[in-house]
Amino acid sequence: AMLRELQAYPGLELYEASVEDLVVDEPAEGSAAAAAAAEAGRPVGRACGVITADGSELRARAVVLTTGTFLRGVVHVGRESRPAGRFVSTSEAVEPPSTGLAATLGRLALPLDRLKTGTPPRLSAQSIDFSRLEPQPSEEPPLPFSFLNEGESVAQAANLITCHKTYTNAETHRIVVDSKHTLPAYESGDGKGAGPRYCPSLFSKVERFPEREAHIVWLEPEGLDSDWVYPNGISSAFPPDVQLRLVRSMVGLEGATILKPAYDVEYDYVDPTCLRRTLEVSTVEGLFLAGQIIGTTGYEEAAALGLVAGANAALSCSRGPPLTVGRHQGYIGVLVDDLVTRGTTEPYRMFTSRAEWRLMLRADNADARLTPLGAACGLVGERRLERLREKQAAMQRGLRALRGFALPNAEWAAAGFGVKPNGELRTAEQMLHVPRAELCDVEAAMAAAPHGWRKACPEGASLLPLPSLGREAMEIEVKYSNYLERQAREVARLEEHAMASIPPHTDYAALPCLSKEEVEKLTATQPATLSEAGAIPGITPKALFYIYNHLRQAGGSSRREEGGAAEEEVPEPLRHHFPGASDASDASGAEPVAEGL
């Protein structure tokens, strides 16, 4: 479906070939121009195109590399290894690795290292006894992924897929342990590539958690009309005969057929600390990297990075402002900031726990957070912008209704809400702050008591029922408004106090909220201001906030005023944490999140 979409896209020409080299305009090695550029921290070259395996040269003003697992890739099945980037999706044939391109990146002095990942075997659905398995049906009704379909159905609502669940067992674990010697060198510690910590192989799970009697295995169909099933949870590159024994040791899979074996793949990746936040290589202008080539997994993380790199490559050609997302604006911002400031030594996965401001980063408000950023870069069309305006208008209408209706606590209590039955008036908006109060229940109470409409809300009952568009976002904004305002004030406060002085020889080890890595880096660097602390790779906004609070409590911070300016520009080192942070709250933090909703 995506291939058809790309083939039909106006102005886009697809060219299928193996890229073996880059065309890079760079000064001669050892020349004065090269030395001057290196000393000034400027790019020492510019990407001008690519060279394919047949010798064709494709010229371009920007190049985006998304090589996945192909850079000097080596595939392992048992103790057998062969150069390859991956197996062909529907067979046991392999696709050759990219060795020439890896050599070029090495010649450009990009920092290269090795990672590995793995994938489970693929099973034939016809060989599985689903009657013995626990079904996991799709959500009914299905929630649309796109905000363009919010409140509506989805095109495939009639074709929902049911997954199934089985488990490993004592026999499975016995086979795993007894077959350890047949695994690739990785599993015995001899390989060079670090594997994914949060998507461990079956062997890793059995070895790390010997007390566990079983591990869940999800059986996921690979398509609407496909016979192929993805057994999520049993990645391990045992020899094919061992894999078959493992699979058939599980309930429902006693007669299973393996269509393609599990395998591991080891590959080169580029240390992402050599990138700017646009994902452009700092030393090669016009060269952008995204996905597994910079150390992430090949799933949502790679997709998000591809969007950022592709957008910024295009924007660099049109001389437009770059697309950058702050850590308080989206998980993409957290992902990019983590990679380019900290780097990674294992396949990076994105978790909500990595984000300091995760109350702001919710699925329900993703359109409000990111649509304006996309529109500013030309990535969002008028239809999507208009849909956002409609949602914001609907939310404002709903808020007017909630604020324009009030009842005494006695009536709210009689309607089943957990408040003291007294005469104190409470608005419908305030009722949503009461524990276990739901918007649907509040709305029902409003409909049953028309006398609760205030004079300040003359439209009254005409505002009911509350709009379905933006309903979830509005309820969350109201329920958690106190917490959301607090986080917005934290962002604004850090922006405001970026030049707060940090006393020399500050004992960072005495701040219990800092990680060991942060303590080591801050102690070694001894930054003079919060701005300088924010420029240190790996120092998060939350760490800066802890330091600021420590300074304030100790009475040791001082504000550096320059010329009595009414407003202070946010220093560049903090901009990557909070691009556009001044939009998150006004100077006092009084109207932080509801602004623009």
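Located above this text is the structure these notes cover.
Cut-off values and rules
Every residue gets a number counted from 1 within its own chain, in the order that chain's sequence is written. Given that this is a predicted model, residues contribute local features only at a pLDDT of at least 70 and side-chain atom pairs are listed and counted only at 80 or more, while totals for whole chains, interfaces and linings are drawn from all residues. Processing note: side-chain calculations cover all non-hydrogen atoms of the structure and skip hydrogens and water entirely. Secondary structure elements follow DSSP: runs of H or I no shorter than four residues count as helices, runs of E no shorter than two count as strands, and numbering proceeds from the N terminus. Should any heavy atoms of two residues lie within 4.5 Å, those residues are counted as being in contact. Throughout, the Shrake-Rupley method with a 1.4 Å probe supplies accessible areas, and for residues the shown protein chains are the sole cover considered. The cut-offs for exposure are 20% and 50% of the maximum accessible area for each residue type, with area from a 1.4 Å probe on protein chains only; residues under the lower value are buried, those over the upper are exposed, and the others partly exposed. Aromatic pairs are defined between Phe, Tyr and Trp rings, using the six-membered ring for Trp, whenever the two ring centres lie within 6.5 Å; interplanar angles under 30 degrees are classed as stacked, those over 60 as edge-to-face, and all others as tilted. Definition used in this section: a nonpolar core is a set of buried Ala, Val, Leu, Ile, Met, Phe, Trp, Tyr and Cys residues joined via side-chain atoms within 4.5 Å. To define axes, lines are fitted to C-alpha atoms, for helices over the stretch in contact only, and angles between the resulting N-to-C directions are given on a 0 to 180 degree scale. Left-handed describes a crossing in which the near helix is turned anticlockwise from the far one by less than a right angle; the clockwise case is right-handed. When DSSP locates at least two bridges between a pair of strands, those strands are taken to pair. Within this analysis, patches are made of residues with over 30% relative accessible area and no salt bridge. Like charges are joined at 9 Å or less; nonpolar side chains (Val, Leu, Ile, Met, Phe, Trp, Tyr) at 5 Å or less. Any Lys or Arg side-chain nitrogen located within 4 Å of an Asp or Glu carboxyl oxygen qualifies as a salt bridge. Polar contacts, as used here, are pairs of N or O atoms within 3.5 Å; protein pairs need one atom able to donate a hydrogen and one able to accept it. Residues neighboring in sequence count only if both atoms are side-chain atoms.

Helix and strand counts for the chain stand at 19 helices and 20 strands. Long-range contacts, defined as pairs at least 24 residues apart, comprise 71% of the intrachain contacts of the chain with a sequence gap of at least 6. For the chain, the accessible surface area stands at approximately 29,700 Å², while carbon and sulfur atoms represent 53% of it.

What follows concerns helix 14 (residues 471-479). Taking burial as the measure, the nine residues of helix 14 include seven buried ones, the bulk of the element. Every buried residue of helix 14 is accounted for by Ala473, Met474, Glu475, Ile476, Glu477, Val478 and Lys479. At its buried positions, helix 14 is contacted by helix 10 (382-403), helix 12 (428-431), helix 13 (439-448) and helix 15 (481-496).

Once that is clear, we can look at the packing of aromatic side chains. One pass over the full model with this rule turns up five aromatic pairs. Taking the centre distance of 4.5 Å and the plane angle of 45° together, the rings of Phe87 and Tyr263 count as tilted. Taken together, the residues span a long stretch of sequence, with Phe87 in strand 7 (residues 86-87) and Tyr263 in strand 16 (residues 263-270) at a distance of 176 residues. With relative accessibility at 3%, the residue Phe87 sits in the buried group. On the basis of relative accessibility, which here comes to 9%, the residue Tyr263 falls in the buried class. Judged by centre distance (5.4 Å) and plane angle (90°), the ring pair of Trp412 and Phe417 falls under edge-to-face. For the pair Trp412 and Phe417, a shared accessibility class is recorded, and that class is buried. Grouping aromatic residues by their ring pairs yields a cluster made of Phe405, Trp412, Phe417 and Trp453.

Residues Leu22, Leu65, Leu279, Leu287 and Leu289 are the most contacted members of the largest nonpolar core, which totals 61 residues. Of all the elements, helix 18 (residues 541-554) adds the most residues to this core, at six residues. Setting aside residues up to four positions removed in sequence, Leu65 forms contacts with Leu22, Leu101, Leu105, Leu287, Phe288, Leu289, Ala290 and Ile293. Within the second largest apolar cluster, 27 residues are counted, among which are Met395, Leu407, Ala437 and Leu439.

Below, the discussion takes up the packing of helix 9 (residues 366-376) against helix 10. It is the contact of helix 9 with helix 10, at a shortest axis distance of 10 Å, that shows an interaxial angle of 145°. Considering only the axes of helix 9 and helix 10, their crossing is left-handed. Along its contact with helix 9, which presents Asp367, Ala368, Thr371, Pro372 and Ala375, the element helix 10 presents Leu385, Leu388 and Lys391.

Turning our eyes to something else, we now look at the sheet that holds strand 10 (residues 122-124). If you walk across this open sheet you meet the six strands as 11-12-13-14-10-15, and the pairing is antiparallel. The strands lining the two open edges of the sheet, one partner per strand, are strand 11 (134-136) and strand 15 (258-260). Averaged over all neighbouring strand pairs, the angle between strand axes comes to 35°, with direction disregarded. Of the strand pairs in this sheet, strand 10 and strand 15 are connected by two bridges, and their pairing is antiparallel.

Glancing now at a nonpolar patch on the surface. Taken together, the side chains of Met2, Leu3, Leu6, Tyr9, Leu12 and Leu14 make up a nonpolar region of the molecular surface, amounting to roughly 610 Å² of accessible area. With respect to the helices and strands, the residue Leu14 is situated in the loop between helix 1 (2-7) and strand 1 (19-25).

Our next topic: the pairing of strand 14 (residues 228-232). Within a regular strand, the side chains alternate between the two sheet faces. Of all five residues that make up strand 14, four are buried, and the element is covered over most of its length. In this sheet, strand 14 lies alongside strand 10 in antiparallel orientation, the contact comprising two bridges. Paired with Ser124 across the two strands is Trp228, which belongs to strand 14. Pairing geometry for strand 13 (residues 216-221) and strand 14, over four bridges, is antiparallel. Bridged to Pro221 within strand 14 is Val229.

Moving on: the pattern of salt bridges. In this structure the tally under the stated criterion is 29 salt bridges. In this structure, the salt-bridge partner of Glu254 is Arg132, at a minimum N-O distance of 2.7 Å. You can see Glu254 sitting in the loop between helix 6 (240-248) and strand 15 and its partner Arg132 sitting in the loop between strand 10 and strand 11, a full 122 residues away along the chain. A residue is classified by how much of its surface remains accessible, and Glu254, at 37% relative accessible area, is partly exposed. Here the salt bridges do not stand alone but share partners, grouping Arg277, Arg327, Asp337, Asp338 and Glu356 into one network.

Turning our eyes to something else, we now look at the side chain of Asn409. By the secondary structure assignment, Asn409 is in helix 11 (residues 409-414). If we ignore the near neighbours within four places in the chain, the residues touching Asn409 are Val419, Lys420, Pro421, Asn422, Glu424 and Arg426.

Moving on to the sheet that holds strand 16. Strand order across the open sheet formed by four strands is 6-5-16-9, with antiparallel pairing between neighbours. Two strands close off the open sheet at either side, each with one partner strand: strand 6 (80-83) and strand 9 (112-119). Ignoring strand direction, the axes of neighbouring strands in this sheet form an average angle of 25°. Examined bridge by bridge, strand 5 (residues 74-77) and strand 16 share three bridges and lie antiparallel to one another. Looking across to strand 16, one finds that Val74 is bridged to Glu266.

In this fold, Thr104 is placed in helix 3 (residues 100-107). Polar contacts involving the side chain of Thr104 include one to the side chain of Asp21, which spans 2.5 Å. Apart from the residues lying within four places of it in its own chain, the contact partners of Thr104 are Glu20, Asp21 and Leu22.

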